[in-house]
Amino acid sequence: MFYQNKNFEYTDARAYDRRGELSILENYVLKLWQPFLKNKIAGLSGGKVVADLGCGTGEYAQGAKNAKKIYAVDISAPMLKLCREKLKDFPQAEIIQLSVFEANLPQADLIITIGVWEYVNPKLLFKTIEKMSQKGSKIIVVFPNIYNDLNLVRSVFKMKRVALRPGFIKKLFKADFRLIESANFGMVSWVPKKLQFLALPVWKFCDFIWRPFQKFLPLGINIYYLFERK
Ligand SMILES: C[S@@+](CC[C@H](N)C(=O)[O-])C[C@H]1O[C@@H](n2cnc3c(N)ncnc32)[C@H](O)[C@@H]1O
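Residues numbered from 1 in each chain as written. Predicted model: local features only at pLDDT ≥ 70, side-chain atom pairs only at ≥ 80, totals over all residues.

*Asks:* How do you make sense of the overall build of the protein when you look at a structure like this?
*Replies:* From N to C terminus, the protein includes 7 helices and 7 strands. If you list the helices and strands of the protein from N to C, you get α-α-β-β-α-β-β-α-β-α-α-β-α-β. A compact globule built from 230 residues would reach a C-alpha radius of gyration of about 17 Å, and the protein, at 17 Å, matches this within 12%. A principal-axis box enclosing the C-alpha atoms of the protein has dimensions of 45 × 35 × 30 Å. Relative to its full complement of 230 residues, the protein shows a buried share of 38%. (Helix = DSSP H or I, 4+ residues; strand = E, 2+ residues; numbered from the N terminus. Rg over C-alpha atoms; globule rule 2.2 N^0.38 Å. Buried ≥ 20, exposed ≤ 12 C-beta atoms within 10 Å, placed from the backbone.)

Printed below as a string of structure tokens:
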């Protein structure tokens, strides 16, 4: 079940949404992160103007049910086809097929950038966010953590830029934004699919033990930051 072509373009949206079926590892990671992020989005979006940059199939935009306006932007037609279906009962949603750098969106109260940093030039994405934000705007940032084993393996063998240093993104935001909160969990490492059932209890145990120390040395699969424009 492949959802990307060899240029890392997203070609099969349904397969992307079903990636949890690919392996115990994918399923474990998704079940940790998706509810966490959707709760955050639901809590921050009521009555607000929301922009989801690199929205994919709109899984996270669905968390913004009570938003005043949603801009869901992605470059991939197949991903947006499914996004349109998911957001069909969201009259406030505007779905835009463009690069985030061409969309020229108005200012937003909540800007969501989940899993897109590793596909674009992060400095340009930051500039776009800067332009779209005003005092008090909140920004959700999620990207792969270089200190996680699995991302290191992926970076070396698959996509050179898959893992981004936490310090790098933080630095981009430092001058004009305040870090409100951060999170990091899902201490998975690469294990062949057939043996992942053996690794699952270990991953869970490591998550439990390491959680208090994640702030100092983040080892989880993704980094989550919530920033506010100063
Ligand atoms: C890993 S997926 C994340 C999708 C969604 N945010 C999620 O977490 O489920 C990355 C998405 O970024 C989109 N993307 C990559 N480069 C983009 C660009 N320059 N402008 C807009 N979308 C882009 C891809 O088409 C894909 O849907």
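The rest of the description comes next.
*Asks:* Help me out: how do you make sense of the site of the ligand in this one?
*Replies:* In the vicinity of the ligand there are 18 residues, among which Gly54, Gly56, Ile75, Ser76 and Gly115 approach most closely. Partitioning the shell around the ligand into residue classes produces 11 nonpolar, 5 polar and 2 charged. (Near = placed C-beta within 6 Å. Nonpolar A, V, L, I, M, F, W, Y, C, P; charged D, E, K, R; others polar.)

*Asks:* Sorry, what's going on with the pairing of strand S2 (residues 69-74) here?
*Replies:* Across a regular strand the side chains alternate sides, sitting on one face of the sheet and then on the other. Here S2 lies mainly inside the structure; 5 of its 6 residues are buried. Relative to strand S3 (residues 93-97), S2 is paired through 5 bridges, and the arrangement is parallel. Across the sheet, the residue bridging to tyrosine 71 is glutamate 94, located in S3. Following the chain from S2 across helix H3 (residues 77-86) to the adjacent parallel S3, one finds a crossover that is right-handed. (Pairing = 2+ DSSP bridges. Right-handed = clockwise from strand over helix to strand, strands pointing away.)

*Asks:* Any chance you could explain unusual backbone geometry here in plain terms?
*Replies:* The phi angle of most residues is negative, glycine excepted, and most peptide bonds adopt the trans form. Unlike most non-glycine residues, asparagine 104 shows phi in positive territory, near 50°. Secondary-structure assignment places asparagine 104 in the loop between S3 and strand S4 (110-114). Under the C-beta neighbour-count criterion, asparagine 104 is labelled exposed, with 10 such atoms within 10 Å.

*Asks:* Would you mind showing me how to read the packing of helix H2 (residues 24-45) against helix H7 (residues 196-210) here?
*Replies:* When two helices pack together, their arrangement is given by the angle between their axes and by how far apart the axes lie. Where H2 contacts H7, the axes come no closer than 9 Å and their chain directions differ by 30°. Classified by the angle their axes make, H2 and H7 are roughly parallel. Residues Ile24, Leu25 and Tyr28 of H2 lie in contact with H7, whose contacting residues are Gln196, Phe197, Leu200 and Trp203. (Axes fitted to C-alpha atoms, helices over the stretch in contact; angles between N-to-C directions. Parallel < 35°, antiparallel > 145°, perpendicular 65-115°, else oblique. Contact = placed C-beta atoms within 7 Å.)

*Asks:* Sorry, what's going on with the UniProt feature "domain: Methyltransferase type" (unreviewed entry) in the protein here?
*Replies:* When the UniProt feature table is mapped onto this chain, "domain: Methyltransferase type" (unreviewed entry) is found at residues 52-140. The straight-line gap between the two end C-alpha atoms of residues 52-140 is 9 Å; of that span, 24% is helix and 24% is strand. (UniProt positions renumbered as here; feature names shortened; annotations may be inferred.)

*Asks:* What am I meant to see in the environment of aspartate 17 here?
*Replies:* If you trace the backbone, aspartate 17 turns up in helix H1 (residues 13-17). Linking aspartate 17 and glycine 56, residues 39 residues apart in sequence, is a C-alpha distance of 9.4 Å. In this structure aspartate 17 touches Thr57, Glu59 and Leu82, once residues within four positions along its chain are discounted.

*Asks:* How should the environment of lysine 68 be read in this particular structure?
*Replies:* Tracing the chain through its elements places lysine 68 in the loop between strand S1 (49-53) and S2. A sequence separation of 19 residues divides lysine 68 from valine 49, and the C-alpha atoms of the two residues are 5.6 Å apart. Setting aside residues up to four positions removed in sequence, lysine 68 forms contacts with Gly47, Lys48, Val49 and Gln92.

*Asks:* Help me understand the sheet that holds strand S5 (residues 138-144), please; the structure alone is not making it clear to me.
*Replies:* The pairing of strands in a sheet comes from backbone hydrogen bonds and takes either a parallel or an antiparallel form. Here 7 strands make up an open sheet; going across it, the order is S3-S2-S1-S4-S5-S7-S6 and the pairing mixed. Because the sheet does not close on itself, it has two edges, and the strands there are S3 and strand S6 (177-183). Pairs of neighbouring strands in the sheet enclose a mean axial angle of 15°, with direction left out of account. Where S5 lies against strand S7 (residues 222-229), 7 bridges are found, and the strand directions are antiparallel. Looking at the pairing, isoleucine 139 lines up with phenylalanine 227 of S7.

*Asks:* Help me understand the nonpolar core in this model?
*Replies:* Note that soluble globular proteins tend to have their nonpolar side chains buried in a common cluster. Grouped together as the largest cluster of nonpolar side chains are 56 residues, with contacts concentrated most on Val50, Ala51, Ala72, Ile111 and Ile112. Here this core takes 6 residues from H2, the largest share from any one element. In this structure isoleucine 111 touches Ala51, Leu53, Ile129, Met132, Ser133, Ser137 and Ile139, once residues within four positions along its chain are discounted. (Core = buried A, V, L, I, M, F, W, Y, C linked by C-beta atoms within 7 Å.)

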